[in-house]
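What the coordinates show
Here is how the chains run, residue by residue.
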Amino acid sequence: MNSKACAHFRQNLIDWYDTHKRDLPWRHTRDPYFIWVSEIILQQTTVDQGLSYYYKFTNTYPTIFHLADADEKDVLKLWQGLGYYSRARNMHHTAGIVVKKYNGHFPDSYKELLELKGIGPYTAAAILSFAFNKSLAVTDGNVMRVVARLFAIEKPVNTTKGLSEVNKNLSHIFDTKQPGTFNQAIMEFGAQHCKVHKPLCNSCFAKDYCKAYADNLQFILPLKEAKTKTLDRYLFYFIPLFVENNSLCTYLNRRTAKDIWQHLYDFISFETTRKTSPQNFLKSKIFTQFLADNSIKRSAIDFYISKLYHHKLTHRHLHVTFISFVTPPLELGQPYIKTPLSQVKDYPLPKLLENFSNEKDFNNFCLNLLPVR
Ligand code: SF4
């Protein structure tokens with residue numbers, strides 16, 4: 001694209017945005033707190049799904065002081081269903097730093113923003129350009145797609161070389177006079193017009209100089225390098241059920257290890273390295289040892305086994321079986337927390353467990369599964 005085409009794109013992009021932009025709450029503010037919240041949520045999900053989380057989050061924590069003061073467990077509960085829970089934990093941590101170190105005002109320097117947990121180059125550029133109108137380009141997936149097509153970049157955009165080519169070409173079309181608006185406009189253009197599967201080339205103001213369109217590459221670009229191999233994980237969740245103070249109780253486990261779902265709650269879990277039937281697992285050494293450690297007599301217990309649940313995470317496929325059993329009250333130590341079964345849903349749970357605990361009548365579900373000896 002020559003400089004005339006670049007100037008044409010710059011001008012027409014802003015005109016297109018003025019006419020087509022969606023009315024979104026974070027576009028009505030220059031407050032870096034709201035911009036930050038929206039950007040972190042949008043890294044997780046689409047605008048349509050992210051909106052309800054944005055409203056929930058900003059209504060519950062209307063300022064960074066509210067978020068900094070919050071209990072991490074409540075923040076994770078609000079985030080439930082979005083995935084990548086480390087992002088919610090980082091937000092909570094960063095809110096505390098911004099309050100303590102910067103009196104609740106986000107710094108307006110790239111370097112200082114990058115020192116905050118969970119804020120990388122993309123989010124820093126978004127905060128600085130949207131809130132402070134600083135001249136920094138934001139390169140999200142939508143932007144990469146538009147630029148890769150306009151300039152027919154054939155290097156995979158998820159590699160260092162590909163990204164650097166995207167950024168180099170983006171600088172040719174970037175509008176330094178209104179960086180915040182330009183960034184919003186090109187992201188919206190990617191989301192609404194130069195779409196992943198159905199780019200609207202016939203009605204595009206850039207079709208006269210778009211290289212991908214000229215070479216009929218618009219359905220092929222951008223290229224991406226193959227993803228990391230997916231790992232299968234096999235989990236057994238145990239739900240002991242006992243009555244205490246007239247309530248049906250169980251134990252939850254707070255996940256502290258550096259693994260999936262860190263700081264969320266789940267049940268007592270065991271993992272096997274390969275596919276194992278529940279019947280075989282119940283006879284395994286590791287499980288027998290668990291029963292012995294907790295003075296539970298295997299012969300006195302009926303186990304209730306759920307169907308096999310499959311759950312996909314990035315790079316991991318989980319295969320999960322829930323097994324409940326009725327037992328006299330147990331006294332398990334840390335990290336297990338005794339809780340009435342009816343209160344399990346009040347804890348921040350991974351999506352899989354949230355779905356499971358929402359199964360029709362969860363209490364009965366736990367008690368009415370097929371007994372196996
Ligand atoms: S012509 Fe097609 S591929 Fe090129 S920018 Fe427009 S919509 Fe995207």
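Note that this is a predicted model, so its numbers are computed, not measured.

1. Remarks on the packing of aromatic side chains
- Using the criterion set out here, one finds 32 aromatic pairs in the structure.
- Both rings, one in F281 and one in F287, keep their centres 5.8 Å apart while their planes meet at 40 degrees; by these two values the pair is tilted.
- Judged by its relative accessible area of 0%, F287 is buried.
- Taking the centre distance of 5.7 Å and the plane angle of 90 degrees together, the rings of Y309 and F356 count as edge-to-face. Note that Y309 is positioned in strand β5 (residues 303-313) and F356 in helix α15 (residues 351-357), a separation of 47 residues in sequence.

2. Quick look at the site of the ligand
- Taken together, R149, H193, C194, C201, C204, K207, C210, Y213 and Q218 make up the full set of residues near the ligand.
- Residue classes in the shell around the ligand are distributed as five nonpolar, two polar and two charged.

3. A few points about helix α5 (residues 72-79)
- For α5, the full list of buried residues reads E72, V75, L76, L78 and W79. Each buried residue of α5 sits inside an arc of 160 degrees when the element is viewed along its axis, so together they form one side.
- In the core, the buried residues of α5 are packed alongside α2 (32-42), α3 (47-60), α4 (64-69), α6 (85-102) and β2 (247-254).
- The opening residue of α5 is D71, an N-cap whose side-chain oxygen sits 3.0 Å from the backbone nitrogen of K73.

4. Examining the domain arrangement of the protein
- When its domains are assigned, the protein resolves into domain 1 (3-214) and domain 2 (231-372).
- The C-alpha centroid of domain 2 is placed 39 Å from the C-alpha centroid of domain 1.
- Each side of the interface is counted separately: domain 1 has nine residues, and domain 2 has 15 residues.
- Buried surface at the junction of domain 1 and domain 2, both sides included, amounts to about 980 Å², of which 53% is carbon and sulfur.
- Looking only at domain 1, the three residues that lose the most surface to domain 2 are K73, Q80 and Y85, adding up to 46% of its buried area.
- Counting every contact that joins domain 1 to domain 2 gives one salt bridge.
- A salt bridge links E72 to R254; the nearest nitrogen and oxygen atoms lie 3.4 Å apart.
- Viewed at the interface, domain 2 and domain 1 are joined by eight residue pairs in polar contact (both at pLDDT 80 or more).
- If one sorts the elements of the side of domain 1 that touches domain 2 by residue count, α5 sits on top with four residues.
- Of the residues contributing to the side of domain 1 that touches domain 2, the split by class is three nonpolar, two polar and four charged.

Here is what the cut-offs are and how they apply
- Residues numbered from 1 in each chain as written.
- Predicted model: local features only at pLDDT ≥ 70, side-chain atom pairs only at ≥ 80, totals over all residues.
- Heavy atoms only, no water.
- Phe/Tyr/Trp six-rings, centres within 6.5 Å; stacked < 30°, edge-to-face > 60°.
- Buried < 20%, exposed > 50% of the residue type's maximum accessible area, 1.4 Å probe, protein only.
- Helix = DSSP H or I, 4+ residues; strand = E, 2+ residues; numbered from the N terminus.
- Near = heavy atom within 4 Å.
- Nonpolar A, V, L, I, M, F, W, Y, C, P; charged D, E, K, R; others polar.
- Arc of directions from axis to C-beta.
- Contact = heavy atoms within 4.5 Å.
- Polar contact = N/O pair within 3.5 Å; in protein donor to acceptor, adjacent residues only side chain to side chain.
- Domains from an automatic or database assignment.
- Buried area = accessible area lost by both parts, 1.4 Å probe.
- Salt bridge = Lys/Arg side-chain N within 4 Å of Asp/Glu carboxyl O.

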